[in-house]
Amino acid sequence: MFKNFTEGIFKNNPVLVLMIGLCPILAVSTTVKNSLGMGAAVIFVLILSNVTISGLRKFIPENIRIPVFIIIISTFVTIIDYTMHAFIPELYDNLGVFVPLIVVNCIVLGRAEGFAYKKGIVASFLDGIGSGIGFTFAIFLMGTIRELLGSGTFYGFNVLPQGFQNNPVIFIILPPGGFLVIAFLMGIMNHLKRSQA
Amino acid sequence: MSHFLIFLSAFLVNNILLMRFLGLCPYFGVSKKIDTAMGMSMAVFFVMLLASWITFFIYRYLLVPFDLIFLRTATFILVIASLVQFIELFLKKNVPTLYQALGIYLPLITTNCAILGTTFLIIDYNYTLVQATLFSIGTALGFALALLLMAGMREQIDLSPVPAAFKGAPIAFITASLTSLAFLGFSGLLGLSI
């Protein structure tokens, strides 16, 4: 049971190992705050959609399962979309179109199809948390690196010296920097895997 | 002039793959060969144009008058999914040659965030029908340009010596980073900003 939880975080990390759900990872990871906000939204949707689909799996006909999954997922995405819009409008504006786009995030649909439709509710719940934390871990890592190098701060607090903050590596915050940082993260993951084997 | 700017901005300056980060799954998934990249680009062009028209009318004449805007996400994704199914059936019956070319890429498009993202952006920017059309054509062409560039480079990379840890995905991301850096140069074009 515990394995359901840990697999999504490290061994099958959805982003760094399986390479799915990349769009929000690159787009909103310019600051730690945005990264955590996005991670929380994805965890919320993943847990609730996993549990709901697992609970209803006996009633969902196999032929039309994908449209049914999409409707269930889009319900929870709409809930988090409107909740964030009402309570944290500033963060919502930063994340922009990527909050409603969780509905086509391959991680959510992938876990629904690959796990929740076949397993029990408790296992699906743990799998949802695990995959969600795996996603959040990856986006948090990206956010930390990009905010530190790109503005010299961490979660808005001044970390690096003022001299650096006046002339940060702006390139890292711009779109090309996102591609570059994830390239090196994946390279490091590959290297670790190779040296383990 | 402003219509031309919308097209140019969607095509180059705010390129959907390299600047907006929408639709990255096909960008890395089907960019190993130029042939498959071509098929995917055509399928995206087709679906994006139809999807943006249909969602435009549904939003303006169904969701807004009946005060159902909160159903936007669910409606759009279902419209796109059924549209893709419909196009697939239509092509299979009437244009088998095109179906052969696009066949396997069409179902993948349902979960392509470039399509859904474009329909959301059209709503967010309050575009008229003409502007929406130009925006989606520009976006689809930008998608094709970036995807074909990537496919061409990856065919060359396959033949080059790459450090072992960077084989496969990581080197593709570095290539994407350099392409994106080149596209960043367009941001000064005609005074458009990101």
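The structure reproduced in this document is the subject of the present report.

Thresholds applied
Residues numbered from 1 in each chain as written. Chains lettered and ligands numbered in written order. Predicted model: local features only at pLDDT ≥ 70, side-chain atom pairs only at ≥ 80, totals over all residues. Heavy atoms only, no water. Phe/Tyr/Trp six-rings, centres within 6.5 Å; stacked < 30°, edge-to-face > 60°. Helix = DSSP H or I, 4+ residues; strand = E, 2+ residues; numbered from the N terminus. Buried < 20%, exposed > 50% of the residue type's maximum accessible area, 1.4 Å probe, protein only. Lys NZ or Arg CZ within 6 Å of the ring centre and 35° of its normal. Axes fitted to C-alpha atoms, helices over the stretch in contact; angles between N-to-C directions. Parallel < 35°, antiparallel > 145°, perpendicular 65-115°, else oblique. Left-handed = near helix turned anticlockwise from the far one by under 90°. Contact = heavy atoms within 4.5 Å. Nonpolar A, V, L, I, M, F, W, Y, C, P; charged D, E, K, R; others polar.

### A closer look at the packing of aromatic side chains
Phase 1: For the structure shown, the criterion picks out 18 aromatic pairs over all chains.
Phase 2: Seen from their ring centres, phenylalanine 7 of chain B and phenylalanine 11 of chain B are 5.8 Å apart, and the 25° between their planes marks the pair as stacked. On the criterion of helical spacing, the pair formed by phenylalanine 7 of chain B and phenylalanine 11 of chain B is a turn pair, its members being 4 residues apart in helix H1 (residues 2–13).
Phase 3: When its relative accessible area of 19% is taken as the criterion, phenylalanine 7 of chain B is described as buried.
Phase 4: The interplanar angle of 85° and the centroid separation of 5.6 Å between the aromatic rings of phenylalanine 56 of chain B and phenylalanine 57 of chain B together place this pair among those described as edge-to-face.
Phase 5: In this structure phenylalanine 57 of chain B comes out as partly exposed when scored by relative accessible area, which is 38%.
Phase 6: Through a chain of ring-to-ring contacts, the aromatic side chains of Phe179 of chain A together with Phe21, Tyr27, Phe28 and Phe173 of chain B assemble into a single cluster.
Phase 7: Positioned above the aromatic ring of phenylalanine 120 of chain B, the side-chain terminus of arginine 72 of chain B is 4.4 Å from the ring centre.

### Here's the deal with the packing of helix H8 (residues 129–157) of chain B against helix H9 (residues 169–184) of chain B
Residues and elements named next belong to chain B.
Phase 1: Packing of H8 against H9 leaves a shortest axis separation of 11 Å and a crossing angle of 135°. Classified by the interaxial angle, the pair formed by H8 and H9 is oblique. Relative to H9, the crossing made by H8 is right-handed. From H8, Leu145, Leu149, Met150, Met153, Arg154 and Ile157 reach across to H9, where they touch Ile171, Ala172, Thr175, Ala176, Thr179 and Phe183.
Phase 2: Broken down by class, the residue content of the contact of H8 with H9 amounts to 9 nonpolar, 2 polar and 1 charged.

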